[in-house]
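Here is what each chain is made of, one letter per residue.
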Amino acid sequence: MIFVTVGTQLPFERLVRAVDEWAGNNKDKTVFIQLGQTFFRPSNCEFSAFTDPAYWDQLFHESELIVSHAGMGTILKSIEHDKPLILVPRLASLGEHRNDHQVATASKFGNYLNIKVVNEIVDLPRALDCPPANGHVLGQEKNVNLEMLIGEIKKFVSDNS
Amino acid sequence: MKKKILIVASFGGHWVQMRRLAYAFEELDQHYVSTNVCLADSVLPASFSVVPDANLDEKLGLAFLALKMLWVVIIIRPDFVISTGAAPGFFALVFGKLLGAKTIWIDSCANIDQLSVSGSKVKYFADLWLTQWEHLAGEEGPFFRGSVL
């Protein structure tokens, strides 16, 4: 299964339409879309406007590929679980967000082996045909950062206790 | 007696980041606060409060959030308050600080180009004021001390 998730706050018509069109040409694939505020209703995919956290987790774990707006929750979860992820940043110029911070966010994670960034929607079908593989993304350097932050919090707590 | 920590993060990315830090709180009495009640079971046996979400464009929503957060802080009386954002965490640090807690702000790693609005405004209420990006750190803070990535 492919799980498409666009968050809860804003519609993402461009992504949902493109995925639905691709799904129409790839009937052997099962696609589930969490639509959020998106107005368009897919005809080739299963969908739901909202998914509670437990169901969202279930969909995430059962899917072999995640397609998402560049939201931090999905990115972190995909890195943590080494799940293949296609990121499509929302663009302010198309009214998809207030600013272009998702473009900046996506660009910071494009070097992860399990993440592929799609900035032009015409490139999405190709990315879906050839999705990213999983990679050993939580390398040593990344763990050092997390350990450092946890250590800092613990030190602060003990210094102030 | 164990020291109490109030752990505040909005639903979504802020929450995921905070959960990655859970190991840092293991010796403390933990009370979580977020914006989606469905998360309560996931932090058991720690206690959990839900607060409304609001952003800076919603004055009434913000006022309601602030009142609710003040109430939570008064009831819990934490020794420490920590947040990754967003607006609920800002209010938690403000009220926590005013009521004598030591406070920690870890700006979300989603804020790559600049600090979040809440993260900038919280400066005077954060005893430990952190960004997760080295290039956003400054001599007077926010400081870089690692990240959840």
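Before reading on, note that the structure itself is shown above.
Not measured: the values here are computed from a predicted model.

Novice: Explain the overall build of chain B to me, please; I cannot follow it from the model alone.
Specialist: In terms of helices and strands, chain B carries 4 helices and 7 strands. Listed by position from the N terminus, the elements making up chain B come as β-α-β-β-α-β-α-β-α-β-β. In chain B, which comprises 149 residues, the proportion classed as buried is 50%. Across chain B, the fraction of contacts at a sequence separation of at least 24, relative to all contacts at a separation of at least 6, is 51%.

Novice: Can you walk me through the overall build of chain A in this structure?
Specialist: Counting its secondary structure elements, chain A contains 6 helices and 6 strands. Here chain A, with 161 residues, has 38% of them falling under the buried criterion. Counted over contacts in chain A with a minimum sequence separation of 6, partners at least 24 positions apart contribute 57%.

Novice: Which parts of the structure should I look at to understand the sheet that holds strand S5 (residues 85-87) of chain A?
Specialist: Strand pairing in a sheet relies on backbone hydrogen bonds. The paired strands run either parallel or antiparallel. Residue and element names in this part refer to chain A. Read from one edge of the open sheet, 6 strands run S3-S2-S1-S4-S5-S6, paired in parallel fashion. A strand with exactly one partner marks an edge of an open sheet, and here the two such strands are strand S3 (46-48) and strand S6 (115-117). The mean angle between the axes of side-by-side strands here comes to 15°, regardless of whether they run parallel or antiparallel. Summarising the sheet, strand S2 (residues 31-34) and S3 pair through 3 bridges and their orientation is parallel. Looking at S3, one finds that Phe-32 is bridged to Glu-46. Contacting strand S1 (2-5), strand S4 (65-68), S5 and S6, helix H3 (residues 72-81) crosses the sheet at an angle of about 160° to S4.

Novice: What is the right way to look at helix H1 (residues 13-25) of chain A in this model?
Specialist: What sets the pattern is the α-helix's 3.6 residues per turn: residues three or four places apart point alike. Residues and elements named next belong to chain A. The terminal C-alpha atoms of H1, which comprises 13 residues, lie 19 Å apart, in line with the 18 Å expected from a rise of 1.5 Å per residue. If you check which residues of H1 are buried, you get Leu-15, Val-16, Ala-18, Val-19, Trp-22 and Ala-23. Taken down its axis, H1 places every buried residue within 165° of arc, on the same side. Residues of H1 that are exposed and point over 90 degrees away from its buried face: Gly-24 and Asn-25.

Novice: Explanation requested: the nonpolar core in the structure shown.
Specialist: Across soluble globular proteins, nonpolar side chains show a tendency to be buried alongside one another. Val-19 and Leu-87 of chain A together with Leu-6, Ile-7, Ala-92 and Ile-104 of chain B are the most contacted members of the largest nonpolar core, which totals 84 residues. When neighbours within four sequence positions are excluded, Leu-87 of chain A is seen to be in contact with Ser-68, Ala-70, Ala-106, Phe-109, Ile-115, Val-117 and Val-118 of chain A.

Novice: Even after reading the chapter, I still don't get the interface of chain B and chain A, so can you show me in this structure?
Specialist: Interface size is often expressed as the accessible area that is lost when the parts come together. At the junction of the two partners, chain B supplies 27 residues and chain A supplies 25 residues. Ranked by the residues each element gives to the side of chain B that touches chain A, the list is headed by helix H1 (residues 13-20) of chain B, at 4 residues. The residue makeup of the side of chain B that touches chain A, split by class, is 15 nonpolar, 7 polar and 5 charged.

Novice: Before we go on, may I ask you to explain the environment of Lys-83 of chain A in this structure?
Specialist: All names here are of chain A. Locating Lys-83 in the fold gives a position in the loop between H3 and S5. Taking the C-alpha atoms as reference points, Lys-83 and Asn-134, separated by 51 residues in sequence, lie 5.9 Å from one another. When neighbours within four sequence positions are excluded, Lys-83 is seen to be in contact with Ile-66, Ser-78, Asn-114 and Asn-134.

Novice: Which parts of the structure should I look at to understand unusual backbone geometry?
Specialist: A cis amide bond, omega 5°, links Leu-44 of chain B with the succeeding residue Pro-45 of chain B. By the secondary structure assignment, Pro-45 of chain B is in the loop between strand S2 (29-34) and strand S3 (47-50). Cis geometry is adopted by the peptide bond preceding Pro-142 of chain B, which originates at Gly-141 of chain B and carries an omega value of 0°. A positive phi angle is found at Asp-82 of chain A, which is not glycine, with a value near 50°. Mapped onto the secondary structure, Asp-82 of chain A falls in the loop between H3 and S5. Its identity as a non-glycine residue notwithstanding, Arg-77 of chain B has a phi of 50°, on the positive side. Within the element layout of this structure, Arg-77 of chain B appears in the loop between helix H2 (59-76) and strand S4 (80-85). By C-beta crowding, Arg-77 of chain B is classed as partly exposed, having 13 other C-beta atoms within 10 Å.

What counts and what doesn't
- Residues numbered from 1 in each chain as written.
- Chains lettered and ligands numbered in written order.
- Predicted model: local features only at pLDDT ≥ 70, side-chain atom pairs only at ≥ 80, totals over all residues.
- Helix = DSSP H or I, 4+ residues; strand = E, 2+ residues; numbered from the N terminus.
- Buried ≥ 20, exposed ≤ 12 C-beta atoms within 10 Å, placed from the backbone.
- Contact = placed C-beta atoms within 7 Å.
- Pairing = 2+ DSSP bridges.
- Axes fitted to C-alpha atoms, helices over the stretch in contact; angles between N-to-C directions.
- Expected span 1.5 Å × (residues − 1).
- Arc of directions from axis to C-beta.
- Core = buried A, V, L, I, M, F, W, Y, C linked by C-beta atoms within 7 Å.
- Nonpolar A, V, L, I, M, F, W, Y, C, P; charged D, E, K, R; others polar.

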